[in-house]
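# Structure assessment
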Amino acid sequence: MSLDQEALEYHAKGTPGKIEIIPSKPCSTEKDLSLAYSPGVAAPCKVIAKDPAKVYDYTAKGNLVAVISNGTAVLGLGNIGPLAAKPVMEGKGVLFKQFAGIDSIDIELKADTVDDFCRSVRPMEPSFGGINLEDIKSPECFEIEERLKKEMNIPVFHDDQHGTAIVSGAGLINACLITKRDLGKIRLVVNGAGASAIACSKIFLSIGVKPENLLMCDSQGVIYKGRKEGMNKYKEAFAVDTKARTLTEALDGADVFVGLSVAGALTPDMIKKMAKDPIIFAMANPDPEITPDKAREVRPDAIIATGRSDYPNQVNNVLGFPSIFRGALDTRSTQINEEMKLAAVHALAQLAREDVPDRVSVTYGGKNFKFGREYLIPKPFDTRVLLRVAPAVARAAMVSGVATKHIVDWEKYHDRLEALQGPSKAFIRTAIHKVHQNSEARNGELCKIIFPEGTSSKVLKALRTLVEEKICEPILLGYPDRVREKIAALGLENLQDVQIIHPRMHPRFQTYVQELYKKRQRKGVNLSEAERLMADPNYFAAMMVHMGDADGLVTGASQNYADGVRPILQIIGLHTDGVPAGLNFVLMEDRFLMLADTTVNFDPTAEQLAGMALQAARVSEYFAQEPRIAMLSYSNFSGVGPTPSKMKRAAELVKKARPEIIADGDVQADTAVNPEIISRIFPFSELKEGANILLFPNLESANISYKLLQQIGKAEVLGPFLMGVRRSANVLQRTTTVEGIVNSVVLTTLEAQYLRDFREKRDQQSPGMSPRGQA
């Protein structure tokens, strides 16, 4: 199937197009309807009538952008009209939502003149927080944007001009840095004189390129002072005194070529005469002015960027407009000015120079990215782009005076941006704040977390983030030379000072051996076997935690779950009345659920299930959530049969231990999480608000459920986390990612801090207060 056929099928499948409108408030009852529409809707109307600024509090205006086009310059297709432009505008809306959480409505206008277009758009100001102009031909696009910016009090941004300019500006800064060029001294040739070319040229001048060193060419050759043919006021601004009349002549000795023209406009012969280490940005869409392969045949020293995703250094507008609008909307800016655009340029350039997280590599098929000739610009799916660009734009809006709302708490703003990227981001960021607060309360003291898999690439990459975020003090196990070699190979400079221990070389090795022998001598472990086991990193790590030489451990990135959990249970052991069990967090937009037991007990008894539920309840309380426990079965409140009776008994035991807790069962899964079913059919049940802790009757049902949710559910799953043990210790899934390891370590550290403080205050507190119910 050709790409065209695939695209047609993609757009036609199911509901035609790519977008839909989904209510952000419930509207499933008569009461909901009375609030959403008449008569309740009159209340916000009256408030807004008195105070127009309240429109941002009671409507979606502050997060709504209009994507507007007349279809006169669509991609590389030319003037195909507003109807044919609609798929592109819908696509723009998808990108706004995907990359910045911004809602948008596409509007295609039958308006060919500047007056008609502006007359149509100007009255839309009350409806939208911003206007994104798209695919409007030059030179009309310049006048349209200029007029609307003057006549409207919300941001108006023509992305075809400024998006490419901002991203290519970041790329140019970095290309000059790599080739040790001074922006003020480079000679730069721009081929093309349309909207993007002129906007790019303006940005280049703003970042330091000298006007006399920038030559612009159009289809008639170099734009020089005195030229009459094919000129307009926008081209005239870039006319310079030069003897060059053709693109070939302009490129003689030039440092940089920037193409925003047509495929094939740049030939191998043209670039032969460019300066050493030529910088070639061939950005014609969909095919570049010259392909990287052809360019390197004659200039292997060239640094090359294109607009294509199948080549390195893609200049992609999606790196710009979503985050730029995010910063503008969040400050309720009246416009997107030059200061805001430049802030975005420098934020992108700086981000490209930083280490690239493993999750970005995973998104791109495992490719490793490092700042250099083939990585000048961040990748579109790097989630850090929003976190860097939006705040930079927002700050610039505030400093330059176009912001009407000021951001005061930048840490909270960062957290809010991160939450747009998924519920797990918000959940883990909350946990990170708790870790930092706990550390600050102890004068910056970090918990020591030990990692038995010292040469695991995933673990080491995760440690880079953990060290940067000051989450814990990591201890790696392994041969120090091999671990250091792996750290160097991965380029993880910030891990150079991490402690590395070879178990047999540790001064307390024999003490640990004796302790293991003492604990297991009546369970088939003699002294020599104890010494052999203690050389195993998992046993050594568990013993360090047991003996108080480390606060917690995380293992399992490269081994079976059972091999990781066995030493923990044998050495660290369970707390009083503890039940070993796996707990998973299921995170959704508006709530989270906890599932147990997902990893340990094949067929738990009612007593074990009750113990797990009480442990999970304490976790829920630690995160300020009221525990509401459901004991799941295939029946609703029957108690008939082995499984229903077991789950009913488990709920009764929970209530006996803690009468104030909401717990019920046996109950089916849909009933447990749907308050409407409870209120309509089972009004006697305590689960009136729905359960948030789900206990499964056996390991099969729990494990299958969480793994299905992980793959096909509209939720994010964290874990499993090991409940019931005396100290903080967790075993990862072998399929975990670097991000998954980071998340697990954050929660392991948080628990280790709590347990450490709990032990210190044990004499003043009642037992059983740990987040896992540990004492």
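Conventions we followed
Residues numbered from 1 in each chain as written. Predicted model: local features only at pLDDT ≥ 70, side-chain atom pairs only at ≥ 80, totals over all residues. Heavy atoms only, no water. Pairing = 2+ DSSP bridges. Helix = DSSP H or I, 4+ residues; strand = E, 2+ residues; numbered from the N terminus. Axes fitted to C-alpha atoms, helices over the stretch in contact; angles between N-to-C directions. Contact = heavy atoms within 4.5 Å. Salt bridge = Lys/Arg side-chain N within 4 Å of Asp/Glu carboxyl O. Core = buried A, V, L, I, M, F, W, Y, C linked by side-chain atoms within 4.5 Å. Buried < 20%, exposed > 50% of the residue type's maximum accessible area, 1.4 Å probe, protein only. Right-handed = clockwise from strand over helix to strand, strands pointing away. Parallel < 35°, antiparallel > 145°, perpendicular 65-115°, else oblique. Left-handed = near helix turned anticlockwise from the far one by under 90°. Lys, Arg positive; Asp, Glu negative; His and termini not counted. Polar contact = N/O pair within 3.5 Å; in protein donor to acceptor, adjacent residues only side chain to side chain. Phe/Tyr/Trp six-rings, centres within 6.5 Å; stacked < 30°, edge-to-face > 60°. Lys NZ or Arg CZ within 6 Å of the ring centre and 35° of its normal.

## Considerations on the sheet that holds strand β15 (residues 581-587)
In spatial order, the strands read β18-β17-β19-β16-β15-β20; together these 6 strands make up an open sheet with mixed pairing. What marks the edges here is a single partner per strand, and that holds for β18 (662-667) and β20 (716-723). Each strand of the sheet is rotated relative to its neighbour by a mean of 20°, with strand direction disregarded. Of the strand pairs in this sheet, strand β17 (residues 628-632) and strand β19 (residues 693-695) are connected by 3 bridges, and their pairing is parallel. Residue pairing for β19: alanine 630 is matched across the bridge by leucine 694. On the sheet, helix α26 (residues 606-622) packs against β15, β16 (592-596), β17, β19 and β20 and is oriented at approximately 165° with respect to β19.

## Description of the pattern of salt bridges
Where charged atoms from two side chains of opposite charge come close, those side chains can pair. Per the counting criterion, the structure on display carries 44 salt bridges. Residue arginine 308 pairs with aspartate 287 through a salt bridge whose shortest N-O separation is 2.9 Å. With arginine 308 in the loop between β10 (303-306) and α14 (321-330) and aspartate 287 in the loop between β9 (279-282) and α13 (292-298), this residue pair connects regions lying 21 residues apart in the sequence. Its salt-bridge partner being lysine 425, residue glutamate 739 comes within 2.9 Å of it at the nearest N-O pair. Linking glutamate 739 in helix α31 (residues 738-760) with lysine 425 in helix α19 (residues 423-440), this pair joins segments that are 314 residues apart in sequence.

## Re the sheet that holds strand β1 (residues 64-69)
In space, the 4 strands of this open sheet follow the order β2-β1-β3-β4, with parallel pairing throughout. Across the chains shown, the open sheet's two edge strands, defined by having one partner strand only, are β2 (103-108) and β4 (156-158). Across the sheet, the mean angle separating the axes of adjacent strands is 25° when strand polarity is ignored. Here β1 pairs with β2 via 6 bridges, running parallel. Bridging from a neighbouring strand, alanine 66 pairs with isoleucine 105 of β2.

## Describing the nonpolar core
With 103 residues, the main nonpolar core has Ile68, Phe117, Ile131, Leu172, Leu188 and Phe204 as its most contacted residues. The residues contacting leucine 188, other than those within four sequence positions of it, are Leu172, Phe204, Val209, Asn213, Leu214, Leu215, Val256 and Val258. Formed by 65 residues, the second largest nonpolar core is a distinct cluster that contains Cys472, Ala581, Ala606 and Ala650.

## What about the pairing of β10?
Going residue by residue along β10, you find Ile303 and Ala305 tucked away on one face and Ile304 and Thr306 tucked away on the opposite face as well. Handedness of the β-α-β unit built from β9, α13 and β10 comes out right-handed.

## Concerning the environment of valine 114
Inspection of the secondary structure assignment puts valine 114 in helix α6 (residues 114-121). Assessed through its relative accessible area of 12%, valine 114 is described here as buried. Through-space distance from the C-alpha of valine 114 to that of cysteine 141 is 8.1 Å; in sequence the pair is 27 residues apart. For valine 114, the residues in contact, after removing those within four places along its chain, are Glu140, Glu143, Ile144 and Arg147.

## Details of the packing of helix α22 (residues 509-520) against helix α23 (residues 527-534)
One can describe the packing of α22 onto α23 by two numbers: an axis separation of 9 Å at closest approach and a directional angle of 125°. Here α22 lies oblique to α23, going by the angle between them. Like other packed secondary-structure pairs, α22 and α23 cross with a definite hand, here right-handed. Residues Phe509, Gln510, Tyr512, Val513, Gln514, Leu516 and Tyr517 of α22 form the contact with α23, whose own contacting residues are Leu527, Ala530, Glu531, Leu533 and Met534.

## Digging into the side chain of glutamate 289
The topology assignment puts glutamate 289 in the loop between β9 and α13. The buried charged residue glutamate 289 lacks any salt bridge partner; its closest oppositely charged side chain belongs to arginine 308, at an N-O distance of 10 Å. A distance of 2.8 Å separates a polar atom in the side chain of glutamate 289 from the backbone nitrogen of serine 261. For glutamate 289, the contacting residues outside a window of four places in its chain are Phe257, Gly259, Leu260, Ser261, Val262, Ala263, Gly264, Ala265, Leu266, Ala282, Met283 and Ala284.

## Comments concerning the packing of aromatic side chains
Inspection of every chain in the model, using the stated rule, returns 21 aromatic pairs. When the ring of phenylalanine 427 is compared with that of phenylalanine 585, the centres are 5.1 Å apart and the planes differ by 45°; the resulting orientation is tilted. Of this pair, phenylalanine 427 sits in helix α19 while phenylalanine 585 is found in strand β15, placing the two residues 158 residues apart along the sequence. We note that phenylalanine 427, like phenylalanine 585, is buried. Measuring from centroid to centroid gives 5.4 Å for phenylalanine 427 and phenylalanine 592, while their planes differ by 70°, and the two rings are edge-to-face. Of this pair, phenylalanine 427 sits in helix α19 while phenylalanine 592 sits in strand β16, and the two are 165 residues apart along the sequence. Residue phenylalanine 427 is classed as buried on the basis of its relative accessible area of 10%. An aromatic cluster of three or more residues is present, and its members are Phe427, Phe585, Phe592, Tyr622, Phe623, Phe721 and Tyr754. Here the guanidinium or amino end of lysine 434 rests over the ring plane of tyrosine 622, the centre of that ring lying 5.4 Å away. One residue, arginine 482, lies across the ring of tyrosine 479, its end atom 4.4 Å from the ring centre.

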